[in-house]
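Survey of secondary and tertiary structure
Here are the chains, one letter per residue:
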Amino acid sequence: MQRERYPGEAAGLRNFLAGLLPVAERELGPDSLLLHAIRRALKSGALADLRRARQMFNLLPRERKRALSSGLVAARREPRDADPVADRGPWITFDGGNPTDRGTRPRIGIGESTVGTTGGLLVLIRPGTLPSFAAGALRRIARLIEDDRRLLSDRFWFGRSRDAGGDTGA
């Protein structure tokens, strides 16, 4: 069994290929090998199939790839709901609250969307996910953040100095 090279690789590939599917069908026609590979990957969900479809896209001639990419970007610009995860709920939410108030306890609940969150830490977990799997994934993410504390630093992302109160995480 193949493993993800980074957390979320399979989900990212699925999202990319799902968006590319209608564009590839329109631009390349219904008999395209790329279209067949995308459909197969989305149907099976296997990481190898997802990677194969992405590789087929990457191996297209530059102009064809550019046309598909621009069609994909144009499709993303179409109006959408204000909340991109609202249609994928319900979610089990763990809301860490205000990052400056360490005395508050996280709120746990079931929600349809992220509207109304406090802006601190928000974790969304799909119901039916094994608790050990969710906890293990959160531990891996916490290790990545701990290993690279710059991820939480306003100074790193926005170039703010410590004097301006911009460094919140390191």
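Provided above is the structure to which this section pertains.
A quick note: this is a predicted structure, and the numbers were derived from the prediction, not measured.

A few words now on the overall build of the protein. A tally of regular secondary structure across the protein gives six helices and three strands. Along the protein, helices (α) and strands (β) appear in the sequence α-α-α-α-β-β-β-α-α when read from the amino end. Carbon and sulfur atoms form 55% of the exposed surface of the protein, whose accessible area is close to 12,500 Å².

Another aspect to go through is the pattern of salt bridges. Evaluated as defined, the whole model comprises seven salt bridges. Residues joined by salt bridges that share partners form a network here, namely Arg5, Glu9 and Arg51.

Here the focus is the nonpolar core. General note: in soluble globular proteins, nonpolar side chains tend to be found buried as a group. One finds Leu17, Leu34, Ile38 and Leu68 to be the most contacted residues of the largest nonpolar core, which totals 18 residues. Mapped onto this core, the elements with two or more residues apiece are helix H1 (9-28), helix H2 (33-44) and helix H3 (47-58). Here this core takes seven residues from H1, the largest share from any one element.

A contiguous patch of positive charge on the surface is contributed by Arg3, Arg139, Arg140 and Arg143. For arginine 139, the location among the structural elements is in helix H5 (residues 131-147).

Mapped onto the fold, valine 23 is located in helix H1. The buried category is assigned to valine 23, whose relative accessible area is 2%. Separated by 50 residues in the primary sequence, valine 23 and valine 73 place their C-alpha atoms 9.9 Å from one another. When neighbours within four sequence positions are excluded, valine 23 is seen to be in contact with Leu68, Gly71 and Leu72.

Moving on, we come to the packing of H1 against H2. Packed helices, taken two at a time, are described by the angle their axes make and the gap between the axes. Here H1 crosses H2 at 150°, and the two axes come no closer than 9 Å. Relative to H2, the element H1 lies roughly antiparallel. Crossing handedness for the pair H1 and H2: left-handed. Contact with H1, carried on its side by Arg14, Leu17, Ala18, Leu20, Leu21, Ala24, Glu25 and Leu28, involves Leu34, Leu35, Ile38, Arg39, Ala41 and Leu42 of H2 and no other residues of that element. Broken down by class, the residue content of the contact of H1 with H2 amounts to eleven nonpolar, no polar and three charged.

With that out of the way, let us pick up H2. Over its twelve residues, H2 extends 16 Å from the first C-alpha to the last, a length consistent with the 16 Å expected when each residue adds 1.5 Å. Along H2, the residues that are buried comprise Leu34, Leu35, Ala37, Ile38 and Ala41. Projected down its long axis, H2 shows its buried positions confined to an angular sector of 160°, all on one face. Those residues of H2 that are exposed and angled more than 90 degrees off the buried face are Leu33, His36 and Lys43. Its side-chain oxygen 3.1 Å from the backbone nitrogen of leucine 34, serine 32 forms the N-cap of H2.

Reading guide: rules and limits
Starting afresh in each chain, residues are numbered from 1 along the sequence in its written order. Thresholds applied to this predicted model are a pLDDT of at least 70 for local features of residues and 80 or more for the giving and counting of side-chain atom pairs; totals over whole chains, interfaces and linings are not thresholded and use all residues. Just so you know, side-chain values use all the structure's heavy atoms and leave hydrogens and water out. Where helices and strands are cited, they refer to DSSP runs of H or I of at least four residues and of E of at least two residues respectively, numbered from the N terminus. Each accessible area is a Shrake-Rupley estimate made with a 1.4 Å probe; only the visible protein chains count as cover when residues are assessed. Whenever Lys or Arg places a side-chain nitrogen within 4 Å of a carboxyl oxygen from Asp or Glu, that contact is recorded as a salt bridge. To define a nonpolar core, start from buried Ala, Val, Leu, Ile, Met, Phe, Trp, Tyr and Cys residues and group those joined through side-chain atoms within 4.5 Å. Burial classes: relative accessible area under 20% of the type maximum marks a residue as buried, over 50% as exposed, and values in between as partly exposed (1.4 Å probe, protein chains only). Residues enter patches when their relative accessible area tops 30% and they take part in no salt bridge; the joining distance is 9 Å for like charges and 5 Å for the nonpolar side chains Val, Leu, Ile, Met, Phe, Trp and Tyr. Charge convention: Lys and Arg are scored as positive, Asp and Glu as negative, and His as well as the terminal groups of each chain are ignored. Where a charge lies is defined by one atom per residue type, namely NZ (Lys), CZ (Arg), CG (Asp) and CD (Glu). Every residue pair with non-hydrogen atoms within 4.5 Å of one another is taken to be in contact. Each axis is a line fitted through C-alpha atoms, taken for helices only over the stretch in contact, and angles between the N-to-C directions span 0 to 180 degrees. Any angle between 65 and 115 degrees counts as roughly perpendicular, while under 35 counts as roughly parallel, over 145 as roughly antiparallel, and the rest as oblique. In this scheme the crossing of two helices becomes right-handed for a clockwise turn of the near helix relative to the far one and left-handed for an anticlockwise turn of less than a right angle. Classification used: nonpolar for Ala, Val, Leu, Ile, Met, Phe, Trp, Tyr, Cys and Pro, charged for Asp, Glu, Lys and Arg, polar for all others including Gly. Expected helix span is computed as 1.5 Å times (number of residues minus one). It is the directions from the helix axis to the C-beta atoms that the arc portrays. Two N or O atoms count as a polar contact when they lie within 3.5 Å, although within protein this holds only if one can serve as hydrogen donor and the other as acceptor, and sequence-adjacent residues are included solely when both atoms are side-chain atoms.

Everything listed here is a matter of geometry and, on its own, says nothing about what the molecule does.
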